Amino acid sequence: MERETRLVHAGRDPERQEGIVNPPLYRASTILYPTMAAYEGRHERRYTAFAYGIHGTPTTVALAEALAEVSGGARTLLLSSGLSAVTQTLTAFLRRDDHLLIADTVYGPTRVFCTQVLARYGVEVTFYDPRAGAGVAGLIRPTTRVVYLESPGSQTFEVQDVPAIAVAARARGALVVLDNTWATPLHFRAFDHGVDVEIQALTKFVAGHSDLLLGAVTTRSEDLYRVARDGASTFGDCPAPDVCYEALRGLRTLAVRLRHHEAAALRVAEWLARRPEVARVLHPALPEDPGHAIWKRDFLGASSLFGVLLRTGSEKAVAAMVDELRLFKIGASFGGFESLIVPVRPERTARPWRESGFLLRLHVGLEAVEDLIADLEAGFARLGAALRDEGEVVR
Ligand SMILES: Cc1ncc(COP(=O)(O)O)c(C=O)c1O
């Protein structure tokens, strides 16, 4: 079956629930056992049956099964946020004195967790240039246990050569973990490209409505699932079934929304690339983007999120442009129906960010593209006026 079809049918069985289309919302902490012997045996059933609310209810399992099917992985573990999916994965698979190789362009709070928490617990952390490709082999040590990728990278959208990095990592026995939030499993097939553990912030495209937080960890094998799952339940992390119900509803329309986001974002990106105020658009689906060849080879589509590097570095002038935008609202996150814009200041160590212009990140929502472009056009008029006031030459 095509993935669009799986999105619609996975994780539900109307015949088993009185013909009702969606799985029911089960809320639980306590789960009852018929006998004392069954209760005493609850630890054996913790991966396969309902043992206690923290391990899920039929509602959370419906979402987890649907996600595993759509991703093509063995199983999915759900966590209370995308960030929790990241931190629980790293915590479950890393031990004291292990070495973690992690892309320099990962989501900011992922970076903070590595430098401030993992380092404190004796894990050695090395940030690598996301464009290293097979060259990452030179950084792998005997103690390297996890090679972590995020492609395209947060904020600056470098595309990683996931297959080459995965081959190098697996040859040395390291686990390959990918944050696939940008592309979703619809536009990047993580397990076909050598990834062992796929992380998604379901908060973004799967939820799609800016109203919930949820994370997913999908593993290549049942064994990896059990390691991730034991780690997370030890910490007590679990999502509310209500949130899983909402995310499952979002999942059903993911393909349609993503297709719109992709096409609309590309049109806005192409328009921006022609503007004299713009130095560069950071969007891997544009042919001139340095990551385009790999994106075209490996991805099945793009998404809504990309960067725009302005020629000016004037914070005041950019504020005049951005503060008065009517449709692009200032807010972190992406994947919702509304367009967003934020200033970004990339923190990099392996490949320092040296651009002098002001960098903005845009999420293109589901509004009409013409309206979004008109909004940005008016913004550029304000930018130009502000720069003239400052005496900067407007190109
Ligand atoms: C790439 C990426 N991964 C993970 C996360 C964390 O997701 P959440 O906001 O659900 O914690 C984000 C959030 O912006 C993200 O952009």
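Residues numbered from 1 in each chain as written. Predicted model: local features only at pLDDT ≥ 70, side-chain atom pairs only at ≥ 80, totals over all residues. Heavy atoms only, no water.

Engineer: Lay out the site of the ligand with the relevant residues and their values.
Structural biologist: Taken together, 13 residues lie around the ligand, and Gly82, Leu83, Asp179, Thr203 and Lys204 are the ones closest in. Measuring from an oxygen atom of the ligand, one finds a backbone N or O atom of Leu83 at 2.8 Å. Take Lys204: an N or O atom from its side chain is 2.8 Å from an oxygen atom of the ligand. Contact with the protein chains removes 91% of the 390 Å² of surface that the ligand exposes when unbound. The residue inventory of the shell around the ligand, partitioned by class, reads five nonpolar, five polar and three charged. (Near = heavy atom within 4 Å. Polar contact = N/O pair within 3.5 Å; in protein donor to acceptor, adjacent residues only side chain to side chain. Areas by Shrake-Rupley, 256 points an atom, 1.4 Å probe, with all protein chains shown as cover. Nonpolar A, V, L, I, M, F, W, Y, C, P; charged D, E, K, R; others polar.)

Engineer: Would you mind going over helix H6 (residues 162–171) in detail, with residue names and values included?
Structural biologist: Along H6, the residues classified as buried are Val162, Ile165, Ala166, Ala168 and Ala169. The arc enclosing the buried residues of H6, seen along the axis, measures out at 165°, which places them on a common side. Summarising the geometry of H6, the exposed residues directed more than 90 degrees from the buried face are Val167 and Ala171. Against strand S3 (124–128), strand S4 (144–150) and strand S5 (175–179) lie the buried residues of H6. Of the residues trailing H6, Gly173 is marked for its positive phi of about 80°. (Buried < 20%, exposed > 50% of the residue type's maximum accessible area, 1.4 Å probe, protein only. Helix = DSSP H or I, 4+ residues; strand = E, 2+ residues; numbered from the N terminus. Arc of directions from axis to C-beta. Contact = heavy atoms within 4.5 Å.)

Engineer: How would you sum up helix H5 (residues 108–118)? Please name residues and give values.
Structural biologist: Within H5, the full set of buried residues consists of Thr110, Arg111, Phe113, Cys114 and Leu118. Along the long axis of H5, the arc covered by the buried residues comes to 160°, so they all point the same way. On its buried face, H5 is in contact with helix H4 (82–93), strand S2 (99–103), S3 and S4.

Engineer: Outline the pattern of salt bridges, listing residues and values.
Structural biologist: Under the defined criterion, the tally for this structure stands at 20 salt bridges. The partner of Arg275 in a salt bridge is Glu277, with the nearest N and O atoms 2.9 Å apart. Assigned by exposure class, Arg275 and Glu277 land together as buried. The salt bridge partner of Glu377 is Arg275, with a shortest N-O separation of 3.7 Å. Residue Glu377 is found in helix H13 (residues 369–390), and its partner Arg275 is found in the loop between helix H10 (254–273) and strand S8 (278–282); the two are separated by 102 residues along the sequence. (Salt bridge = Lys/Arg side-chain N within 4 Å of Asp/Glu carboxyl O.)

Engineer: Now, about unusual backbone geometry: what can you tell me, with residues and values included?
Structural biologist: With an omega of -5°, the peptide bond running from Ser151 to Pro152 counts as cis. Counting through the fold element by element, Pro152 comes out in the loop between S4 and H6. The backbone of Glu18 sits at a positive phi, close to 60°, despite the residue not being glycine. With respect to the helices and strands, Glu18 occurs in the loop between helix H1 (3–9) and helix H2 (36–40). With a relative accessible area of 77%, Glu18 lands in the exposed category.

Engineer: Can you break down the sheet that holds S5 residue by residue, with the values?
Structural biologist: Reading across from one edge, S1-S7-S6-S5-S4-S2-S3 is the order of the seven strands in this open sheet, with mixed pairing throughout. Since the sheet does not close on itself, it has two edges, and those belong to strand S1 (75–79) and S3, each with one partner. Put simply, the sheet's adjacent strands are angled 20° from each other on average, direction ignored. In the sheet, S2 pairs with S4 via four bridges, with the strands oriented parallel. Of the residues in S4, the one forming a bridge with His99 is Thr144. Along the sheet, H4 contacts S1, S2, S4, S5, strand S6 (197–201) and strand S7 (215–219); its crossing angle with S6, the most-contacted strand, is approximately 155°. (Pairing = 2+ DSSP bridges. Axes fitted to C-alpha atoms, helices over the stretch in contact; angles between N-to-C directions.)

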